[in-house]
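# Descriptive structure summary
Spelled out from the first residue to the last, the chains are:
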Amino acid sequence: MRSCITAFMFLALSAPTNAALLSSDPSQVCNHLSSIGLATRGWKNQYDNEFGCSSPYKELGAGARLANNLAYYVEGGPTTVNRAKLVININNKSSAAFAHKELLKVAETLSFKITGVELPKEIATAISNGTKASKVAGPATIEVIRVDWPTGKGYEIKVLFK
């Protein structure tokens, strides 16, 4: 019994104390969504000591002027990733429901790859409804943020994995 307690204490003390992604390898994380049309342009120095990779925006459906679109971003230091995010721009509110469904599908895929667990129901609901939420999932925290544009013509939703 004493050896079990000692082993547990060792594992608890040696485990990371803050949330993190399953992998911090830029080449791996940048390629998580390549197979579903969100390939990034590779890990690059953005400015100072900030590095990252991003996909081009992927159009979702058609818009009268501008279609809704989705992109994948990864951020970190020179050799490590510290967060990833999906960003959807709702430019055409009449097709927002379809865009939210697409964002949810991609977030479900990314959640399993980046945290090792399914997307929490609270996060899935927030994505579907376009509302704020935050939840720990595996080793990471997932957060949904909505920003309504001052023009009133659209909004963006970010799904952060950190």
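Residues numbered from 1 in each chain as written. Predicted model: local features only at pLDDT ≥ 70, side-chain atom pairs only at ≥ 80, totals over all residues. Heavy atoms only, no water.

### As for the pattern of salt bridges
Applying the stated rule across the entire model yields seven salt bridges. A salt bridge links Glu102 to Lys105, with the nearest nitrogen and oxygen atoms 3.0 Å apart. Within this pair, Glu102 and its partner Lys105 are both found in helix H3 (residues 96-115), separated by three residues, close to a single helical turn. Lys135 serves as the salt-bridge partner of Glu122, at 3.7 Å between the closest nitrogen and oxygen. Of this pair, Glu122 sits in helix H4 (residues 121-129) while Lys135 sits in strand E6 (residues 133-137), and the two are 13 residues apart along the sequence. Among the charged side chains, a salt-bridge network with shared partners connects Glu75, Arg83 and Lys85. (Salt bridge = Lys/Arg side-chain N within 4 Å of Asp/Glu carboxyl O. Helix = DSSP H or I, 4+ residues; strand = E, 2+ residues; numbered from the N terminus.)

### Quick word on the packing of H3 against H4
At a closest axis distance of 8 Å, the pairing of H3 and H4 adopts a crossing angle of 155°. Relative to H4, the element H3 lies roughly antiparallel. The handedness of the crossing between H3 and H4 comes out as right-handed. Contact residues: His100, Leu103, Leu104 and Ala107 in H3; Ala124, Ile127, Ser128 and Asn129 in H4. Along the lines of polarity and charge, the residues of the contact of H3 with H4 split into five nonpolar, three polar and no charged. (Axes fitted to C-alpha atoms, helices over the stretch in contact; angles between N-to-C directions. Parallel < 35°, antiparallel > 145°, perpendicular 65-115°, else oblique. Left-handed = near helix turned anticlockwise from the far one by under 90°. Contact = heavy atoms within 4.5 Å. Nonpolar A, V, L, I, M, F, W, Y, C, P; charged D, E, K, R; others polar.)

### As for the side chain of Ser55
For Ser55, the location among the structural elements is in the loop between strand E2 (50-54) and strand E3 (58-60). Excluding its chain neighbours within four sequence positions, the residues that come into contact with Ser55 are Leu38, Ala39, Thr40, Arg41, Ala71 and Tyr72.

### Describing the state of the cysteines
According to the stated counting rule, one finds one disulfide in the structure shown. Disulfide pairing is shown between Cys30 and Cys53; the S-S distance is 2.0 Å. Around the S-S axis, the bridge from Cys30 to Cys53 shows a dihedral of about -105° and counts as left-handed. Here Cys53 lies in strand E2 and Cys30 lies in helix H2 (residues 26-30), a separation of 23 residues in the sequence. This pair shows no difference in class: Cys30 is buried, exactly as Cys53 is. (Disulfide = S-S within 2.5 Å. Buried < 20%, exposed > 50% of the residue type's maximum accessible area, 1.4 Å probe, protein only.)

### Side note on the packing of aromatic side chains
Considering all chains together, one arrives at zero aromatic pairs under this definition. Sitting over the ring of Tyr155, Arg146 keeps its end group 3.6 Å from the ring centre. (Phe/Tyr/Trp six-rings, centres within 6.5 Å; stacked < 30°, edge-to-face > 60°. Lys NZ or Arg CZ within 6 Å of the ring centre and 35° of its normal.)

### A closer look at the environment of Lys85
In this structure, Lys85 sits in strand E5 (residues 81-90). Under the relative-accessibility criterion, Lys85 is labelled buried at 13%. Residues Lys85 and Tyr73, spaced 12 residues apart in sequence, show a C-alpha to C-alpha distance of 5.2 Å. Among residues more than four places away in sequence, those in contact with Lys85 are Ala71, Tyr72, Tyr73, Glu75, Val159 and Leu160.

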